[in-house]
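An overview of the molecular structure
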Amino acid sequence: MNISSIVVQTLPKFLDEVVQDLKNCEACDYHMHDEKGRIIITIEGEDVSEELGKMKIIEAIPHVIAADMQMAYSEDELDANIKVINNSDAVPTLLQNEDVEIDRVIYHGDLKKKDDELIDFAKSLSNPDGVE
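As the structure is a computational prediction, the values presented were derived from the model and not from experiment.

What counts and what doesn't
- Residues numbered from 1 in each chain as written.
- Predicted model: local features only at pLDDT ≥ 70, side-chain atom pairs only at ≥ 80, totals over all residues.
- Heavy atoms only, no water.
- Helix = DSSP H or I, 4+ residues; strand = E, 2+ residues; numbered from the N terminus.
- Buried < 20%, exposed > 50% of the residue type's maximum accessible area, 1.4 Å probe, protein only.
- Contact = heavy atoms within 4.5 Å.
- Areas by Shrake-Rupley, 256 points an atom, 1.4 Å probe, with all protein chains shown as cover.
- Disulfide = S-S within 2.5 Å.
- pLDDT = per-residue confidence, 0-100.

1. Points about the overall build of the protein chain
- Of regular secondary structure, the protein chain possesses five helices and four strands.
- What you see in the protein chain, going N to C, is helices and strands ordered as β-α-β-β-α-β-α-α-α.
- Counting across all 132 residues of the protein chain, residues that qualify as buried make up 27%.
- The contacts of the protein chain with a sequence gap of at least 6 include a subset with a gap of at least 24, amounting to 68%.
- As displayed, the protein chain offers around 9600 Å² of accessible surface, 52% of which is attributable to carbon and sulfur atoms.

2. Digging into the state of the cysteines
- In total, this model carries zero disulfides according to the counting rule given.
- Cys28 provides the cysteine sulfur closest to Cys25, a residue in no disulfide bond, and the two sulfurs are 4.4 Å apart.
- According to the relative accessible area criterion, Cys25 is buried, its value standing at 14%.
- Judged by relative accessible area, Cys28 falls into the buried class, the value being 6%.

3. Quick look at the confidence of the model for the protein chain
- Across the protein chain, the average pLDDT comes to 80, with 71% of residues at 70 or higher.
- Across the protein chain, the element-wise mean pLDDT spans from 56 in helix α5 (residues 118-125) up to 98 in helix α1 (residues 15-24).
- Predicted confidence for residues 111-116 stays below pLDDT 50, and this span has zero contacts to residues more than four positions away or in other chains.

Below you can see the structure in the form of structure tokens.
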């Protein structure tokens, strides 16, 4: 099951009409809007294909300027990532060894690239040495 949040944009003069159309639409669930014409909805689907179909329905509503996915949750991905984390050692051997010289430790992470796959992160935890 996938759940995604969508920001729908319309002109303020069409806001009430678009909000009502979204409330009546079976493809999504309406949550909130502001006076600038931004509307928050969510869609659900068994897979990405179903979600894309629902996005097309929303984009076809009269006076919708844009419908952009902001956040997505995939139950299958979450389950797979939880398995990886549960099957890995949460504290690398390197961090448990008080005799390792800290200047020899190789840091493989990068906070600027925090979108890397969780699986890659978990695999890096399995490096028993972690030093050059």
